[in-house]
Each structure stands twice: as structure tokens, then as C-alpha cells.
Amino acid sequence: MAIILGIESSCDETSASICINGEIRSNVIATQAIHAKYGGVVPELASRAHQQNIIPTVEEAIRQAKINKNQIDAVSFTRGPGLLGALLVGTSFAKSFALARNIPLIDINHMQAHILAHFIDDPKPSFPFLCLTVSGGHTQIVLVKDYFEMELLGETLDDAAGEAFDKTAKILDLPYPGGPLIDKLAHEGNAGAFKLPEPQIPGLDFSFSGLKTAILYLVQDQIRLNPDFLKENIADLCASVQSRIVSILLNKLKKAAKQTGVKDIAIAGGVSANSGLRKELMEMGNKYRWNVFIPKFEYCTDNAAMIAIAGYYKYLAGDFVGQDVAPLARMHL
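Definitions and limits used
- Residues numbered from 1 in each chain as written.
- Predicted model: local features only at pLDDT ≥ 70, side-chain atom pairs only at ≥ 80, totals over all residues.
- Heavy atoms only, no water.
- UniProt positions renumbered as here; feature names shortened; annotations may be inferred.
- Salt bridge = Lys/Arg side-chain N within 4 Å of Asp/Glu carboxyl O.
- Helix = DSSP H or I, 4+ residues; strand = E, 2+ residues; numbered from the N terminus.
- Pairing = 2+ DSSP bridges.
- Axes fitted to C-alpha atoms, helices over the stretch in contact; angles between N-to-C directions.
- Contact = heavy atoms within 4.5 Å.
- Polar contact = N/O pair within 3.5 Å; in protein donor to acceptor, adjacent residues only side chain to side chain.
- Buried < 20%, exposed > 50% of the residue type's maximum accessible area, 1.4 Å probe, protein only.
- Parallel < 35°, antiparallel > 145°, perpendicular 65-115°, else oblique.
- Left-handed = near helix turned anticlockwise from the far one by under 90°.
- Nonpolar A, V, L, I, M, F, W, Y, C, P; charged D, E, K, R; others polar.
- Core = buried A, V, L, I, M, F, W, Y, C linked by side-chain atoms within 4.5 Å.

Naming follows an unreviewed UniProt entry, where the protein appears as tRNA N6-adenosine threonylcarbamoyltransferase of Sphingobacterium thalpophilum. Here is the UniProt Subcellular location (unreviewed entry) comment for the protein, exactly as written: "Cytoplasm". The Catalytic activity (unreviewed entry) comment attached to the protein in UniProt states, word for word, "L-threonylcarbamoyladenylate + adenosine(37) in tRNA = N(6)-L-threonylcarbamoyladenosine(37) in tRNA + AMP + H(+)".

In C-alpha cells, the structure reads:
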């Protein structure tokens, strides 16, 4: 039997999870509402909130899993990428817990963990599979050959998809976090109301900065003509923006599937919770006869269950780190 405690603290979610023999028994997430009034995550405030949340979050994860701390066989934690101060809190706790109990310490790449979230529930993808990993800080197409053998095929050259959603929300005068609000309002709008450009980036790389600029100029020009433009067109704007971001993502994914010949196609990361992306991917999967894998909503955004499941597979491989391990703000896939 292997019981793994997973710790996630890369940004503004403090999360702890217990994995027993590859089965997630608890996944506790403490969100940080304080950032909303600043319109984005404030790193110093995030670090302080992690310090306040981490012990009660871990205690609750252990309680929900119906075990005691002495039964835990290893601690897995997010080493990076992420906010350095936030990562430091999770890393320090994991090191202390492991040292006190004399159990192994397992470092996890946050982006690999998003991909490995697909191994929490059935059905699971078969190797090799393609994964479109989309979050606030990353947009990548990854060829997944094994649990920890992954090849980066394409990535964003500037803004990530989640960043594009959040920055667009600011332009549209929507509160933070803007991505889920755009998704909600898009259901009420006409996706064809406003024509937005699709960047012509070679290969499998992405770019969203030009789209963000086009949205900014569109809004500025229309407000000059009609000061109530945003209020009168917010649903159509959200639908148009979401449609274009989704088409940029899926057109590249379709290209990657064609180039590799891979039929198992997955999405991961916070933006994979977007209803428009999930719907369009399912339709594209039916059209091209892909086997499509979409995680449950609770495993899309930052969570410790994905850290715990990744830790479980590293535990089986005996892949541990020492007490000298340090967090990394930047960490390659």
C-alpha cells in the first residue's frame, strides 16, 4: 500500500490531497478571495494566505481520507513553475513534514501534474496521447509518451490563453477572475457578432497578444461612438472573444493530431474548465474520430489531487529528492 500526501501552492490556491494506491481519497482546496479587489493575484498576499491555510488544509485532507498522519508513506509537492513565494510555503511544509516523519519527498512539475490529472479517474488515455494544456500562465501542446516522458510540440510565444481571457475581462470592465465570467456571459451572446483576428503563427506555437490588442482597439473605437457600447454588447463580446480563443487553441490541436497521427486527445489546466472549449473539443473529436479526454472540473484548476497522483507514480518509480530541494519559479516540462 502507498499513501501519498500531495501539496499544491503554486499560485493562489492552497490545496492538499491524499492518494491511496492510485485512488484520490480527498482533495481540499482553500481559495484566496483577497485578490479580487486588486484585479489579479498579488504574490506577497498569496504567500501570506498560504501560510495561514496550509496546516488546516492538510489536516482536513487527512481527516476526509479517514487516515492518520503516521500512515502517510511520502509527500509530493509542487516544486514549480509558479510564484516563488507561494511555492516556498508548500515546499517548506512538505520538507518539514517528510523530515519529521522520516518519509520520502517527491518534487512535482506543476504542468506535468495537470496532464497526469487524467489518471485520477476512468477512462484514462493510452500512451502516446496529445494534451492541450491551457492555464493562466501556460498554453502548450504536449506529446505524452509515458507518465514522465513528455515532448513539448508547441507553446505560446507571448500571453497564455488564460491570460488572454483575464486581460480581455479587464478591457470589458469585468471583475477578476474574468475567465469564468466571460464563459458565463458567452452563453447569452452571439459568437459571430464581432469578427476578431486569428494569428497566423507557424508550426504549433500560439500567440494571443495580437488578439488582445484587437479587442482593446475594437472596444475603444466603439465607446467613442457609443458610451454605452460595453453595457449593450457585453454578451456578444464575450461570446465572440471566447469563440476566437477556442478556435485558435483547437486549430493548432487539430494540426498536431494530423502531424503525429495520435488519436487520444486530452485537455488540461484551468482553461480546460471553459464550457466552450469542452463543447468544441467534443464536437471536433466526433468529427475526426478522436478519443477525447476531459478532466472533471475539480481537477482542471490548481488542485493537490493532481500533485498526489503524480507523486504516486513517482513513488512507484522510487524517484525522490533530498532535503536540499528548492522551489523553481520557472521549470521546464
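The discussion continues.
Participant: Whenever I open this one, the pattern of salt bridges confuses me. Can you help?
Facilitator: Two side chains of opposite charge can pair, provided their charged atoms sit close to one another. All told, the structure shown has 14 salt bridges when counted by the stated rule. Residue aspartate 107 is joined to arginine 79 by a salt bridge in which the shortest nitrogen-to-oxygen separation is 3.2 Å. You can see aspartate 107 sitting in strand 5 (residues 105-109) and its partner arginine 79 sitting in strand 4 (residues 74-80), a full 28 residues away along the chain. Because the salt bridges share partners, they merge into one network encompassing Arg79, Asp107, Lys314 and Asp319.

Participant: Teacher, can you tell me more about the sheet that holds strand 6 (residues 129-134) here?
Facilitator: Two pairing modes exist for strands in a sheet, parallel and antiparallel, and in both the strands are linked by backbone hydrogen bonds. If you walk across this open sheet you meet the five strands as 8-7-6-9-10, and the pairing is mixed. Edge positions in the sheet fall to strand 8 (149-155) and strand 10 (291-293), since each has one partner strand and no second. Taken pair by pair, the neighbouring strands of this sheet meet at an average axis angle of 25°, ignoring direction. In this structure, strand 6 lies alongside strand 9 (residues 264-268), joined through four bridges in parallel fashion. Note that in strand 9 the partner of threonine 133 across the bridge is alanine 268.

Participant: What exactly am I supposed to notice about the sheet that holds strand 1 (residues 3-8) here?
Facilitator: Across the sheet, five strands lie side by side as 3-2-1-4-5; this open sheet has mixed pairing. Lying at the two open borders of the sheet, with one neighbouring strand each, are strand 3 (23-31) and strand 5. Each strand axis lies, on average, 20° off the axis of its neighbour in the sheet, ignoring direction. Here strand 4 runs beside strand 5; their pairing, made up of five bridges, is parallel. Across the sheet, glycine 80 pairs through a bridge with asparagine 109, a residue of strand 5. Running at roughly 160° to strand 4, helix 2 (residues 84-101) makes contact with strand 1, strand 4 and strand 5 of the sheet. The strands that helix 9 (residues 304-317) touches are strand 1, strand 2 (13-20), strand 3, strand 4 and strand 5; relative to strand 1, the one it contacts most, it runs at about 135°.

Participant: Sorry, what's going on with the side chain of threonine 14 here?
Facilitator: Take threonine 14: it is sitting in strand 2. Looking at threonine 14, its side chain comes within polar contact range of the side chain of histidine 50, at 2.7 Å. Ignoring anything within four residues of it in the chain, the contact list for threonine 14 reads Glu8, Val28, Ile29, Ala30, Gln32, Ala49, His50, Asn53, Ile54 and Thr57.

Participant: What should I look at first to understand the UniProt feature "binding site: substrate" (unreviewed entry) in the protein in this one?
Facilitator: In the numbering used here, UniProt assigns the "binding site: substrate" (unreviewed entry) feature to Thr133, Val134, Ser135, Gly136, Gly137, Asp166, Gly179, Asp183 and Asn274. Mapped onto the fold, valine 134 is located in strand 6. Look at valine 134 and you get buried, because its relative accessible area is 0%. If near-sequence neighbours (up to four positions away) are discounted, valine 134 is found in contact with Thr139, Ala161, Leu249, Ala268, Gly269, Gly270, Val271, Ser272 and Leu277. For aspartate 183, a relative accessible area of 11% gives the class buried.

Participant: What's the story with the packing of helix 1 (residues 43-64) against helix 2 in this structure? I'm lost.
Facilitator: The geometry of a pair of packed helices is captured by two quantities: the angle between their axes and the separation between those axes. Where helix 1 meets helix 2, the closest approach of the two axes is 9 Å, and the angle between their N-to-C directions is 30°. Between helix 1 and helix 2, the crossing angle belongs to the class labelled roughly parallel. With respect to the hand of their crossing, helix 1 and helix 2 are arranged in right-handed fashion. Side by side, helix 1 and helix 2 meet where Ser47, His50, Gln51, Ile54, Ile55 and Val58 of the first sit next to Gly85, Ala86, Val89, Gly90 and Phe93 of the second. Of the residues assigned to the contact of helix 1 with helix 2, the class counts are six nonpolar, five polar and no charged.

Participant: Any chance you could explain the nonpolar core here in plain terms?
Facilitator: Generally speaking, soluble globular proteins have nonpolar side chains that are buried together. With 45 residues, the main nonpolar core has Leu132, Phe208, Ile245 and Leu249 as its most contacted residues. Where this core is concerned, the elements lending two or more residues are strand 6, strand 7 (139-146), helix 4 (161-171), helix 5 (178-186), helix 6 (209-225), helix 7 (229-260), strand 9 and helix 8 (275-288). The element that contributes the greatest number of residues to this core is helix 7, accounting for 15 residues. Excluding anything up to four places from it in sequence, isoleucine 245 contacts Ala161, Ala164, Phe165, Phe208 and Leu211. Judged by nonpolar contacts, the second largest core, of 30 residues, contains Ile106, Val142, Met306 and Ile307.

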